[in-house]
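# Fold and geometry: a report
So the chains spell out like this:
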Amino acid sequence: MNFADIIKFIETKTAGKFSIIEEREVILVSPANWAEISTLLKNESELDFDYLMCISSYDKGDNKTYGAAYNFFSLKKQHYLEVRVDTEDGTAIPSVTSLWQTANWHEREAYDMMGIQFEGHPNLKRILLSDDWEGYPLRKNFKEPDYYHGMPVPKDKSYWE
Amino acid sequence: MAEVLIQKDKQLLDKSVLETGEMILNMGPQHPSTHGVLRLKIHTDGEVVSKIEPVLGYLHRCFEKHSENLPYEQIVPFTDRCDYLASMHMDHAFSMTVEKLLDLELPERVEYIRVLVSELQRIASHLLAVGTFGLDVGAITPFTWTLRDRERILDLFEQLCGARLLYNYIWPGGVSHDLPPNFIEHTIDFVDYFEPNIDELNDVLTTNKIFIERSADVGILPAEVGINFGVSGPSLRGSGVNWDLRKNEPYSVYEKFDFNVPLGKGEMGTAGDCWDRYYVRVQEMKESVKIIRQACEGLPDGDVHGSLPKKIRPEAGEVYGRYESARGDVGFYIISNGKNVPLRVKMRSPAFCNLSVLSEISEGWMISDVIAILGSLDIVLGEIDR
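Residues numbered from 1 in each chain as written. Chains lettered and ligands numbered in written order. Predicted model: local features only at pLDDT ≥ 70, side-chain atom pairs only at ≥ 80, totals over all residues.

### Digging into the overall build of chain A
- If you tally the helices and strands in chain A, you get three helices and nine strands.
- In sequence order, chain A lays out its α and β elements as α-β-β-α-β-β-β-β-α-β-β-β.
- Principal axes of the C-alpha set define a box for chain A whose edges measure 55 × 35 × 30 Å.
- Here chain A holds 161 residues, and 39% of them are scored as buried.
- The contacts in chain A between residues at least 6 apart in sequence include a share of 46% that link residues at least 24 apart. (Helix = DSSP H or I, 4+ residues; strand = E, 2+ residues; numbered from the N terminus. Buried ≥ 20, exposed ≤ 12 C-beta atoms within 10 Å, placed from the backbone. Contact = placed C-beta atoms within 7 Å.)

What follows is the structure, given as structure tokens:
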């Protein structure tokens, strides 16, 4: 199915629970509706998105809106879909780990790097950084710490240039 | 005297000195069998594994954060260092994604050169993978053989761009240098020399009884579990899933080449076991040789620098690009805001997803089998931790 068919199909099942970013062929879902739509994407035999390729977290740059982009692929039907879930800082996105195990580590990474909370995740803790790290480094307002465990972080980068 | 001793033994037993129950065994981060700085917390009952918690991040070098502060062309050396065993693939994947964002058409010669070096790189990476897998299960000689052949590919790359491991060769819009004189002859010489060595490797390792005992029927990955965990590349094809981007969604000029996609059939045990994952890689090397021969034959003339953009400044938007690397499905998700520096670069690392299935398929196996399973998944920590 192409993008228009997929949209039409989801529309018949759940009307008005998502919006479309037309020129980018992306659908935008709010965290409140994401649990329902994700179950639909996985379990509906017409769509059959069995392969979650990637979850990419992003920062909108206004210091409060963050989001996750889900790139789906169906090995059986050979079609793609990108879904974005935008969230305000502090509002959790429902976890899709029970549907796609790929999401387990990717959601942990999004939490680790961007501070997005995932509701219902079995083990939401830092994955790439150490457990005692403060802050979320991929946020645009992240400030490099002056000290880490009492060790000063070098600020003079002139030797780089 | 003897009776006293027996009495003491009984007392010790009563005090439950011989405790039973779960034990946590730490493997790594400094351990030769984890192929890098990976730490595994292995929950064991006796010698039987019940659960594995991989602890990542020892090689985290902030690739994604660096990318947000660098112009596109300067990110390529960083992608080199992500998967340091298949740097050409990472460069190619990133460059292709940026070209998708720029909507750039490339001369055919550039595409042919890219395919040529990518397939050489695939052989080099698989050689190391099968060699170290043999080493993990106790076969030392094949490792020296595979490294000997890999060395010749690195020599070819040294002729090509001066570097042996981190090339910075494939750039968005083209390649850094044209092929050096006689490169095609040297490549043909190499594949002529290399092709019989695959059969030799099969004789000494693939069909070796001890090797089969260690790897066949061990760590079986069912296809649906692999798909659910996002496993890709040779590890997924070992389970019999016919999915190869080079064949199913040909990028670059792959649709012009004739090659097969080897799949795991469970010849020595069950489909999806360690032996199948290993053998898929061996067969893929043969297929890569086929592609290299065709690419050398059909290499068109032309200029390789003509399509390099003066300045990379894509329009605002985002793109997700896929690429079939030696380890599986690499993805780059790039968000641009119209500047020469990307707003966000996310890399989908194949080894990251492949490693996440380790706990699932190791359950119920011995600790020594975990080494074999980990070796057969062919992970690279530089790419997992980024």
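After that view, the rundown keeps rolling.
### Description of the nonpolar core
- Membership of the largest hydrophobic core comes to 139 residues, with the highest contact counts inside it found for Phe72 of chain A together with Ile373 of chain B.
- Considering every element that reaches this core, the biggest residue donor is helix α5 (residues 108–136) of chain B, with 14 residues.
- Once you skip the residues sitting within four places of it in the chain, Ile373 of chain B turns out to touch Val218, Gly219, Cys274, Leu358, Ile361, Ser362 and Trp365 of chain B. (Core = buried A, V, L, I, M, F, W, Y, C linked by C-beta atoms within 7 Å.)

### Thoughts on the confidence of the model for chain A
- Confidence in the prediction for chain A averages 84 pLDDT; 97% of positions are at 70 or higher.
- Within chain A, no element has a lower average pLDDT than strand β1 (residues 18–21) of chain A, which sits at 76, and none a higher one than helix α3 (residues 102–114) of chain A, at 91. (pLDDT = per-residue confidence, 0-100.)

### Topic: the sheet that holds strand β8 (residues 344–348) of chain B
Residue and element names in this part refer to chain B.
- Strand order in the open sheet formed by three strands is β6-β7-β8, with antiparallel pairing between adjacent strands. Either end of the sheet is taken by a strand with one partner, and the two such strands are β6 (317–324) and β8. In this sheet, adjacent strand axes meet at a mean angle of 10° when their direction is disregarded.
- Pairing geometry for β6 and strand β7 (residues 329–336), over eight bridges, is antiparallel. Bridge pairing links Glu318 to Ile335 in β7.
- Sitting on the sheet, helix α4 (residues 87–102) touches β6 and β7, and the angle it makes with β6 is about 145°. (Pairing = 2+ DSSP bridges. Axes fitted to C-alpha atoms, helices over the stretch in contact; angles between N-to-C directions.)

### Details of the packing of helix α12 (residues 274–298) of chain B against helix α15 (residues 367–377) of chain B
Residues and elements named next belong to chain B.
- Where α12 contacts α15, the two axes come as close as 9 Å, and the packing angle between them is 30°. The angle between the axes of α12 and α15 places the two elements in the roughly parallel class. The way α12 lies across α15 gives a crossing that is left-handed. Residues Cys274, Arg277 and Tyr278 of α12 form the contact with α15, whose own contacting residues are Ala372, Ile373 and Ser376.
- For the contact of α12 with α15, the per-class residue count stands at four nonpolar, one polar and one charged. (Parallel < 35°, antiparallel > 145°, perpendicular 65-115°, else oblique. Left-handed = near helix turned anticlockwise from the far one by under 90°. Nonpolar A, V, L, I, M, F, W, Y, C, P; charged D, E, K, R; others polar.)

### As for the pairing of strand β2 (residues 39–45) of chain B
All names here are of chain B.
- Here strand β1 (residues 22–27) pairs with β2 via six bridges, running antiparallel. The partner of Ile24 across the bridge, within β2, is His43.
- Pairing geometry for β2 and strand β3 (residues 48–55), over seven bridges, is antiparallel. By the bridge assignment for β3, Ile42 is matched with Ile52.
- Taking the residues that link successive antiparallel strands as the turn, the β2-β3 hairpin has two residues, and the phi of Gly46 there is positive, at about 65°.

### Structural notes on the interface of chain A and chain B
- Facing the 23 residues of chain A at the interface are 24 residues of chain B.
- Of all the elements in the fold, those that place two or more residues in the side of chain A that touches chain B are β3 (51–59), β4 (65–73) and α3 of chain A.
- Top element by residues in the side of chain A that touches chain B is β3 of chain A. It accounts for six residues.
- Taken together, the residues of the side of chain A that touches chain B break down into 14 nonpolar, six polar and three charged.

### Examining the confidence of the model for chain B
- Per-chain confidence: chain B averages 88 in pLDDT, with 96% of residues scoring 70 or above.
- Across the assembled chains, the prediction reports ipTM 0.87 with pTM 0.88.

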